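Commentary on secondary and tertiary structure
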Amino acid sequence: ITLCATQLFSCFSLSIIRPQRHITQNQIYPTMFIPKANRIAVYSYLFREGVCVVKKDTVSATHPHIEGATNLEVLNLMKSLNSKGYIRITFSWQHNYCYLTPEGIEYLRGYLALPAEIVPATHKKAPSRPEGRDREDEKFAGEGKPAFRGGNDREYRSREGGFGRGGGN
């Protein structure tokens, strides 16, 4: 086999530029070990509220709403849940807004061993507003005068004098 210098050099330079080594799965995606207590705290907060706001700040020591967990741990847990389809993330102004999906509710309910009666705050019905009061009864409360100031809607302007249109002599 006869190799010229250029062929030898090109083969040699390619092996230097792109070394042939085997990359394992852990080297491509490094894993982060999160203590189980912090994971449960994050998951329970997410299930209780139904939403979670995480600032894109990897050096913050704590998350403002979740006790014990760092902001980086919460951020990575939310990314993991998003990749599994359990939450939906909206990113705006350096904040991740994470919303639980129905699949995520079922997953967290199983992970946290919660009964089916417990639902996130975003899925609870808002308390209905009390029946509106009858405004006609309160309009003329007291001496038969309207509840608002003055009897005429233009009475706040004085008829005698003033500035502007028709005001003054």
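In short, a report on the structure. Per-chain numbering applies: the sequence of each chain, read as written, is numbered from 1 onward. Only residues with pLDDT of at least 70 are given local features in this predicted model, and only at 80 or more are side-chain atom pairs given and counted; all residues enter the totals for whole chains, interfaces and linings. Remark: hydrogens and water are excluded; side-chain values derive from all non-hydrogen atoms of the structure.

1. Some words on the packing of helix H3 (residues 36-49) against helix H5 (residues 102-111)
Two numbers describe how H3 lies on H5: the axes approach to 10 Å, and their chain directions differ by 135 degrees. It follows that H3 is oblique to H5 by the angle criterion. As for the relative orientation of H3 and H5, their crossing is left-handed in sense. The residues of H5 that touch H3, namely those facing Lys36, Arg39, Ile40, Tyr43, Leu46 and Phe47, are Ile105, Tyr107, Leu108, Arg109 and Tyr111. All axes here are fitted lines through C-alpha atoms, helices being fitted over the stretch that makes contact, and every angle between N-to-C directions spans 0 to 180 degrees. Strands here are runs of E lasting at least two residues and helices are runs of H or I lasting at least four, both read from the DSSP assignment and numbered beginning at the N terminus. Should an angle fall under 35 degrees it is taken as roughly parallel, and over 145 as roughly antiparallel, whereas 65 to 115 is taken as roughly perpendicular and any remaining angle as oblique. Crossings are assigned a handedness: left-handed for a near helix turned anticlockwise from the far helix by less than a right angle, right-handed for a clockwise turn. In this analysis, two residues are considered to be in contact whenever any of their non-hydrogen atoms come within 4.5 Å of each other.

2. Topic: the nonpolar core
Residues Val42, Leu46, Cys52, Val74 and Met78 are the most contacted members of the largest nonpolar core, which totals 22 residues. Of all the secondary structure elements, the ones that give two or more residues to this core are H3, strand S1 (51-55), helix H4 (71-83), strand S3 (95-100) and H5. Among the buried residues, those of types Ala, Val, Leu, Ile, Met, Phe, Trp, Tyr and Cys that are joined through side-chain atoms within 4.5 Å form a nonpolar core. For every residue, the accessible area obtained with a 1.4 Å probe (protein chains only) is divided by the maximum for its type, and the residue is called buried under 20%, exposed over 50%, and partly exposed between those limits.

3. Here we look at the side chain of Asn71
Mapped onto the elements of the fold, Asn71 is located in helix H4. A polar atom in the side chain of Asn71 sits 2.9 Å from the backbone oxygen of Asp57. Non-local contacts of Asn71, meaning those with residues more than four positions away in its chain, are made with Val54, Lys55, Asp57, Ser60, Thr62 and His63. Polar contact criterion, stated in full: a pair of N or O atoms within 3.5 Å, where within protein one must be able to donate a hydrogen and the other to accept it, and residues adjacent in sequence count only if both atoms are side-chain atoms.

4. As for the packing of H3 against H4
Angle between the axes and distance between the axes: these two values describe a pair of packed helices. Where H3 contacts H4, the axes come no closer than 11 Å and their chain directions differ by 65 degrees. The two elements H3 and H4 meet at a crossing, and its hand is right-handed. Between H3 and H4, the residues in contact are Asn38, Arg39, Val42, Tyr43 and Leu46 and Glu73, Val74, Leu77, Met78 and Leu81, respectively. When residues are sorted by character, Ala, Val, Leu, Ile, Met, Phe, Trp, Tyr, Cys and Pro go into the nonpolar class, Asp, Glu, Lys and Arg into the charged class, and all the rest, Gly among them, into the polar class. Taken together, the residues of the contact of H3 with H4 sort by class into seven nonpolar, one polar and two charged.

5. Some points on the environment of Leu112
Following the sequence through the fold, Leu112 ends up in the loop between H5 and helix H6 (135-139). Considering only alpha carbons, one finds Leu112 and Ser44, 68 residues apart in sequence, at a separation of 7.3 Å. The residues contacting Leu112, other than those within four sequence positions of it, are Ile40, Tyr43, Ser44 and Phe47.

6. Some details on the sheet that holds S3
When DSSP locates at least two bridges between a pair of strands, those strands are taken to pair. Pairing is antiparallel across the open sheet formed by three strands, whose spatial order is S1-S3-S2. The open sheet has two edge strands, S1 and strand S2 (87-92), and neither has a second partner. Neighbour to neighbour, the strand axes of the sheet diverge by 20 degrees on average, direction disregarded. One ladder, built from five bridges, connects S1 with S3; its direction is antiparallel. Bridge pairing links Cys52 to Cys98 in S3. Lying over the sheet, H3 contacts S1, S2 and S3, oriented at roughly 125 degrees with respect to S1.

7. Some remarks on unusual backbone geometry
Residue Gln94 is not a glycine yet carries a positive backbone phi of 65 degrees. What makes Gln94 partly exposed here is its relative accessible area of 43%. At Ala113, a residue that is not glycine, the phi angle is positive and equals roughly 55 degrees. Considering the arrangement of structural elements, one finds Ala113 in the loop between H5 and H6. We classify Ala113 as exposed; its relative accessible area is 67%.

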